[in-house]
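Fold and geometry: a report
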Amino acid sequence: MMKIARASRLAMTLVAVAAAWSAVAQTQAPNNAKDGKHIDKIEADYHQAGGSPLANEPMYQTTNPKAPKMTQAEFEQARKIYFERCAGCHGVLRKGATGKPLTPDITLARGTDYLKVFIAYGSPAGMPNWLTSGEMTEAQVDLMARYIQQEPPQPPEYGMKEMKETWKIIIPPEQRPKRKMNDYNISNIFSTTLRDTGEVALIDGDTKKIINIVKTGYAVHISRTSASGRYLFVIGRDGKINMIDLWMPTPDNVAEIRIGLEARSVDTSKFKGYEDKLAIAGAYWPPQYVIMNGDTLEPLKIVGTRGMTVDTQEYHPEPRVASIVASHFKPEFVVNVKETGKTLMVDYSDLNALKVTEIGTARFLHDGGWDASKRYFMVAANQSNKIAAVDAK
């Protein structure tokens, strides 16, 4: 009876804490939150944008004397879980994105028991219910509650030296076909992501048969065709770009590079006279974009995106590059920076005197696309519940 009584008291305490946290979360929930309900796993994965490749990168624990005790092994296990399941929403440095900040100044004040309830049961604002959904065990919930009270570990930077070490020209431009060497209708080829195997399947839209399965980076986020239609550029969440030549007898990789530790977007120049001369990719970590040679993927220019937010004018250390497209009206790339809420019109006509026009749009910029005329670029700022329309002309 004593054990049952203790369990009942604990259950009532957990329910009370959960109710209190839920009330706070509801007042902070975005307009599109499901009132009073936990989001399902599919929607949770969408909001989190999946796992982060940074789970396997070397990082080191910063000791915080006020934080709960953790062994190095526990810290490493929790770090891996965080970057696999949480970083897409709360950010690499836990400064917050679509999810709330989880820095020690906030989490230490909440305490371990409070945080365990929040992690276990989630919130109507979009936090998944990790324990009751079966995604985490009680031990893992406890581990994560202690982990987010530690100082956030920072991944390593990734610059020109690191990029060039990964850059490979598999087939140089002069050795590639001078004309199309297959019978495929390349305007009707599907690039289909095979997420967990790190591949894309090229599917013939006419015959519905697989042309080739091409090795790429992990969990390809987007596939983009060149202005000519000949090349297919794909980028994995791990920052790896693959350049696939669709003119080859069997389309396959001709160049590759890794431009960061985590990334989402790639495109090539489209303005008349500059078609495919340059390629661009944006990274989640480090927060930067990279301009490359369009024939070889050789990195030419790296530009960081750290800076002030568009609304509160506060410094943000981790403004991730979301969607990128190339203007058809000017020699510009349209670069959308998530956490600062800025759309950058990057004039690539002179890389030695790069000109960037900064447009304040809304936080947190995510995916977008052109209208039918390819003049207006529309991008969703999901946390602000807004859509920004940018006139590229």
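Quick caveat, the model's predicted, so the values are computed rather than measured. (Residues numbered from 1 in each chain as written. Predicted model: local features only at pLDDT ≥ 70, side-chain atom pairs only at ≥ 80, totals over all residues. Heavy atoms only, no water.)

Section: the sheet that holds strand β21 (residues 386-391)
Pairing is antiparallel across the open sheet formed by three strands, whose spatial order is β19-β20-β21. A single partner strand is all that each edge strand has here, and the edge strands are β19 (365-370) and β21. Within the sheet, the average angular offset between the axes of one strand and its neighbour, ignoring direction, is 25 degrees. Here strand β20 (residues 376-381) runs beside β21; their pairing, made up of six bridges, is antiparallel. Note on β21: the bridge partner recorded for Ala380 is Ile387. (Pairing = 2+ DSSP bridges. Helix = DSSP H or I, 4+ residues; strand = E, 2+ residues; numbered from the N terminus. Axes fitted to C-alpha atoms, helices over the stretch in contact; angles between N-to-C directions.)

A closer look at the packing of aromatic side chains
Summed over all chains, the structure comprises seven aromatic pairs. When the centroid spacing of 6.0 Å and the interplanar angle of 45 degrees are considered together, the rings of Tyr82 and Tyr147 count as tilted. Here Tyr147 lies in helix α7 (residues 138-147) and Tyr82 lies in helix α3 (residues 72-85), a separation of 65 residues in the sequence. Grouped by ring-pair contacts, the aromatic residues Phe75, Tyr82, Phe83 and Tyr147 constitute a single cluster. Sitting above the plane of the Trp285 ring, Arg306 keeps its charged end 5.4 Å from the centroid. Above the ring of Tyr284, the side-chain terminus of Arg320 is found at 4.7 Å from the ring centroid. (Phe/Tyr/Trp six-rings, centres within 6.5 Å; stacked < 30°, edge-to-face > 60°. Lys NZ or Arg CZ within 6 Å of the ring centre and 35° of its normal.)

Describing the packing of helix α6 (residues 112-121) against α7
For any two helices packed against each other, the geometry comes down to the angle between their axes and how far apart the axes lie. Taken N-terminus to C-terminus, the directions of α6 and α7 make an angle of 125 degrees; their axes are 8 Å apart at the nearest point. The angle between α6 and α7 places the two elements in the oblique class. Crossing geometry of α6 relative to α7 is assigned as right-handed. Together, Thr112, Leu115, Lys116, Ile119 and Ala120 of α6 and Val141, Asp142, Met144, Ala145 and Arg146 of α7 make up the contact between the two elements. Classifying every residue of the contact of α6 with α7 by side-chain character gives six nonpolar, one polar and three charged. (Parallel < 35°, antiparallel > 145°, perpendicular 65-115°, else oblique. Left-handed = near helix turned anticlockwise from the far one by under 90°. Contact = heavy atoms within 4.5 Å. Nonpolar A, V, L, I, M, F, W, Y, C, P; charged D, E, K, R; others polar.)

Comments concerning the side chain of Ser265
Mapped onto the secondary structure, Ser265 falls in strand β9 (residues 262-268). Contact partners of Ser265, with chain neighbours within four places excluded, come to Ile222, Ile235, Ile280, Ala281, Gly282, Val321, Ala322, Ser323 and Ile324.

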